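Structural features, examined
Residues per chain are reported as follows:
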2 protein chains.
Amino acid sequence: MTHAPLYGGIEAGGTKWVCAIGTGPDDIRAEVRFPTTTPAETLANAIAFFRAHEPEHLAAIGVGSFGPVDLNPASPSYGSITTTPKPGWAHTDVVRTLHQALGRPIGFDTDVNVALLGERQWGAARDCDVAVYITVGTGIGGGAVVGGKLVHGLIHPEMGHMRLVRDPARDPFPGICPYHSDCLEGLACGPALKARWQTPAEELPADHPAWELEADYLGQALANLLCILSPERIIIGGGVMSQPQMFPLVRAATQRWLNGYLQHPHILDHPDRLIVPPALGQRAGVLGAIALAMHTAGGV
Amino acid sequence: MTHAPLYGGIEAGGTKWVCAIGTGPDDIRAEVRFPTTTPAETLANAIAFFRAHEPEHLAAIGVGSFGPVDLNPASPSYGSITTTPKPGWAHTDVVRTLHQALGRPIGFDTDVNVALLGERQWGAARDCDVAVYITVGTGIGGGAVVGGKLVHGLIHPEMGHMRLVRDPARDPFPGICPYHSDCLEGLACGPALKARWQTPAEELPADHPAWELEADYLGQALANLLCILSPERIIIGGGVMSQPQMFPLVRAATQRWLNGYLQHPHILDHPDRLIVPPALGQRAGVLGAIALAMHTAGGV
Ligand SMILES: Nc1ncnc2c1ncn2[C@@H]1O[C@H](COP(=O)(O)OP(=O)(O)O)[C@@H](O)[C@H]1O
Ligand SMILES: Nc1ncnc2c1ncn2[C@@H]1O[C@H](COP(=O)(O)OP(=O)(O)O)[C@@H](O)[C@H]1O
Ligand SMILES: [Zn+2]
Ligand SMILES: [Zn+2]
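Treat the numbers as computed from the prediction; the structure is a model and nothing was measured.

Turning to the packing of aromatic side chains, a few remarks are in order. The tally for this structure, following the rule as stated, stands at 11 aromatic pairs over all chains. Between Trp17 of chain B and Trp89 of chain B, the aromatic rings sit 5.9 Å apart at their centres with planes inclined by 40°, giving tilted as the arrangement. Separated by 72 residues along the polypeptide, Trp17 of chain B in strand β2 (residues 16–24) and Trp89 of chain B in the loop between β5 (80–81) and β6 (92–93) bring together distant segments of the chain. Their ring planes at 75° and their centres at 5.0 Å tell us that Phe49 of chain B and Phe50 of chain B sit as a pair that is edge-to-face. Among the aromatic residues, those joined into a cluster by ring pairs are Trp17, Phe34, Phe66 and Trp89 of chain A.

Put into C-alpha cells, the structure is as follows:
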C-alpha cells in the first residue's frame, strides 16, 4: 500500500488503444488493450477500464493520440481529433468525453510527443536537456523536448514535412505527400517505400538498395535537425526502423550530410550515442501517456 | 538613485564592439563603441570602460560574441572564440580575460543568441514561448528560445547550415559553403549574393530577380523551421534584410513552401505577425548582452 499519487495513461492509436494505471515502468497496476473501432465504442471501452479501477484515485489521465489533433487550449475544438481521414473519427472530442465520464484532469497530446515524454522520463532521453523523437511509420512525425518540456509553440512540430534534397538521377520517384510531394514524409514513410519499390516495406530484403536510399533521406533530415535544434539525442522509432540494418546506415548518412561541420564527439566519433532506438519497448506509448498525466497533475 | 541591480553588456562583433551599462532599453547609463582591432587592444578597451564605471556595482556582464565560440561549460576552452579565420582572434579567451580583470560573473553566448534574448525580453518576441532569430549577413546564423531560455543542446544551433532544395535550371549557382556548397548559408548569405550576381548585394536594384530567388530560399528555410520548431515568431535581421522589399517576398515564399499544410491564421492570413524584423534597432546587440547578464545573475 502506498499513498503516492496514481496516474492513468491512454495510448490512443489508429489501430489499437492501450490503457493503463500506474506510476512508471516498474509499477503498472492494471492494463488493457483493444482494437480501435468506432469512436463511441472505443472511448466506452477506455472509460469502462478506468471505472473498474477507482478512477477517483487517479491524479490525472494522459492521452497520446493519433491525429491530427487540436492542442490549442484557447480553441473550441481543443482536445479533439480533427480532420482525420479515418472513417467516423473526424471531430471526435476525446478530452471532453473522458473528462465528463471520469471527472479527472485529462492531459492530451500527439502520439509522438507523448512517446518522447516517456523516453525523457524513463528511457533513452533521460539525461537530456534537448531531445527529439522521430517515428517512421505510416507517416513521419516528430516531437522535441527542451528543458524537460514538450515544444508546442504556434501549433506543434510537424517534422515529417521538412523539405529534402532529392537527386532525380538517383531517385526519380516524386514522393507521395499530397501537400509537398517530396518532403521527408513524402519520400521516406512506409507507404512511400511501398509505392517506390512496388513492394511492402517489410518484404524488402535487407540488402535491397531501398535501405541505403531510405537512410540517406533520414540522415539528411537528422543533419537538418542537428543544425536547427542541436539535440543531445535523437530517438527514431516506427515500423520502418525495425529493420536492424537501418541504425548504422542512418548514423553514417547523418555524418555524410554534416560533412564535419558540427564538431562534437557524439557526431564525429560516437553517433551511436546520439542516434538511438526507443528504450521503453512495447509499453512506450502508454508509459508516455502516464508521464503526460504526471505533467498534467503538476507532479513533474 | 536606485538600489536595483545594474548590468553590463558587450556586443563583441567582428567589426565593432559596443559596451554599455544599464537595466534595459529605457535605462542605458553609459555606452561606448570602438572598432575591433587586436584581441589585446579590444579587450583592454572594454575593460577600461567598465573600470571607469564602478564595475563592483554590476551584478553580471553579458557578452554576445562573433564566432565560432565554445559554449560548453565543461570544456577547457569554454568562453573562447575558437577557430575563427579573423586574423589574431583564434583561441581568444574572452570570458577568462574579462573575469580576471573585472571580477564579475560573465555570461557568454553567440551574437545571434544574445540578440534573440534581447528581443525576447524587450522586443519583437516578448510574448512568445517559442521564437527564432535568423541573421542574414556575412553568414547566416540562427538561435531559438523555448520557455524563456536559449536552446543550446549538444552545441548550439547552426541554422545556416540546413540543406535546401535548389533547382539547377532556375539557379545554376552551386553555393559557397566550404562544407555543404548549397546549404542555406551557401546559397543566401550576403557573399553568396555577390558571388552569384557579380555585384555586391547592397548594389543590386530592388527589382532585380536576385531578391525573388533570395526570398524563395529564405521562405523554404522558414517553412522548415515552422515544421521543426513551430515558433510563434521568426525575427529576421542582418544586412541583407535591410532591403525593404524582402519581408513581403519572404512571407509569400514561406506560404508557398508550406502550401496550406500548417493551418494557423498567422501562417495563412497574417504572416506579418509571424515573420518580423527585430524591434530593438541599433542597440539590439548590446541590449541583448544586458539581457544575458540578467540571466547570468539569476535576475530573470
Ligand atoms: N519490419 C518492417 N520493416 C519495414 N517496414 C515496416 C516493418 N514493419 C512495418 N513497416 C512499415 O511501417 C509502416 C507502419 O508503421 P508503424 O509504426 O508500425 O504504424 P503506424 O505508423 O501506423 O502507427 C507501414 O508502412 C509498414 O510497411
Ligand atoms: N542594404 C543592403 N542590402 C543588401 N545587402 C546588404 C545591405 N547592407 C549590407 N548587406 C550585405 O550584408 C552583409 C553584411 O551583413 P551584416 O549583417 O551587415 O554584417 P555581419 O553579418 O558581418 O555582422 C554583406 O554581405 C553585405 O553585402
Ligand atoms: Zn509534406
Ligand atoms: Zn553549410
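Now that the structure has been shown, we can carry on.
Here we take up the coordination of the zinc ion (ligand 3). In the first shell of the zinc ion (ligand 3), the protein supplies His161 of chain A (ND1), Cys177 of chain A (SG), His180 of chain A (ND1) and Cys183 of chain A (SG), at 2.1 to 2.4 Å from the metal. What the four donor atoms of the zinc ion (ligand 3) show is an angle range of 104 to 120° at the metal, which sorts the shape as tetrahedral.

Residue and element names in this part refer to chain B. Scanning the model with the defined rule gives one cavity of 30 Å³ or more in all. Put simply, the largest cavity is a space of about 30 Å³. In terms of lining, the largest cavity is formed by Ile134, Leu184, Leu218, Ala221, Leu222 and Leu225.

What follows deals with the site of ligand 2. All names here are of chain B. The immediate surroundings of ligand 2 are formed by Gly137, Thr138, Gly190, Pro191, Ala201, Glu202, Trp211, Gly238, Gly239, Val240, Ser242 and Gln243. Between ligand 2 and the protein, one listed contact pairs an oxygen atom with a backbone N or O atom of Gly239 at 2.8 Å. When the free accessible area of ligand 2 is taken as 560 Å², the share hidden by the protein chains comes to 59%. A per-class count over the shell around ligand 2 returns four nonpolar, seven polar and one charged.

Residues and elements named next belong to chain A. In terms of domains, chain A is made up of domain 1 (6–114 + 281–296) and domain 2 (126–276). A separation of 27 Å is found between the C-alpha centroids of domain 1 and domain 2. Each side of the interface is counted separately: domain 1 has seven residues, and domain 2 has 11 residues. Note on domain 1 versus domain 2: buried area summed over both sides is about 660 Å², and carbon and sulfur give 61% of it. Between domain 1 and domain 2 we count zero salt bridges in total. Linking domain 1 with domain 2 are one residue pair in polar contact (both at pLDDT 80 or more), by the criterion used here. Every element with two or more residues in the side of domain 1 that touches domain 2 is listed here: β7 (106–110) and α3 (111–122). Across the side of domain 1 that touches domain 2, the residue classes break down as three nonpolar, three polar and one charged.

Another point: the interface of chain B and chain A. Contact residues are listed per partner, giving 38 residues for chain B and 38 residues for chain A. Here chain B meets chain A over a buried area of about 3,500 Å², counting both sides, of which 66% is carbon and sulfur. Among the residues of chain B in contact with chain A, Leu154, Ile228 and Tyr261 of chain B are the three that bury the most area, contributing 23% of the side total. For the pair chain B and chain A, the interface holds zero salt bridges. Put simply, chain B and chain A have 24 residue pairs in polar contact (both at pLDDT 80 or more) between them. Looking at the side of chain B that touches chain A, the elements with two or more residues in it are α6 (209–229), α7 (246–258) and α8 (265–268) of chain B. For the side of chain B that touches chain A, the element with the highest residue contribution is α6 of chain B, accounting for six residues.

Calculation rules
Residues numbered from 1 in each chain as written. Chains lettered and ligands numbered in written order. Predicted model: local features only at pLDDT ≥ 70, side-chain atom pairs only at ≥ 80, totals over all residues. Heavy atoms only, no water. Phe/Tyr/Trp six-rings, centres within 6.5 Å; stacked < 30°, edge-to-face > 60°. Helix = DSSP H or I, 4+ residues; strand = E, 2+ residues; numbered from the N terminus. Donors = N, O, S within 2.8 Å, 3.2 Å for Na, K, Ca; no water. Tetrahedral: all angles 85-135°; square planar, octahedral: opposite > 155°, others 65-115°. 1 Å grid on protein atoms, 1.4 Å probe; cavity = no way out; pocket = protein on both sides within 12 Å on 5 of 7 lines; lining within 4 Å. Points joined across faces, edges and corners; volume = space filled by probe spheres on them. Near = heavy atom within 4 Å. Polar contact = N/O pair within 3.5 Å; in protein donor to acceptor, adjacent residues only side chain to side chain. Areas by Shrake-Rupley, 256 points an atom, 1.4 Å probe, with all protein chains shown as cover. Nonpolar A, V, L, I, M, F, W, Y, C, P; charged D, E, K, R; others polar. Domains from an automatic or database assignment. Contact = heavy atoms within 4.5 Å. Buried area = accessible area lost by both parts, 1.4 Å probe. Salt bridge = Lys/Arg side-chain N within 4 Å of Asp/Glu carboxyl O.

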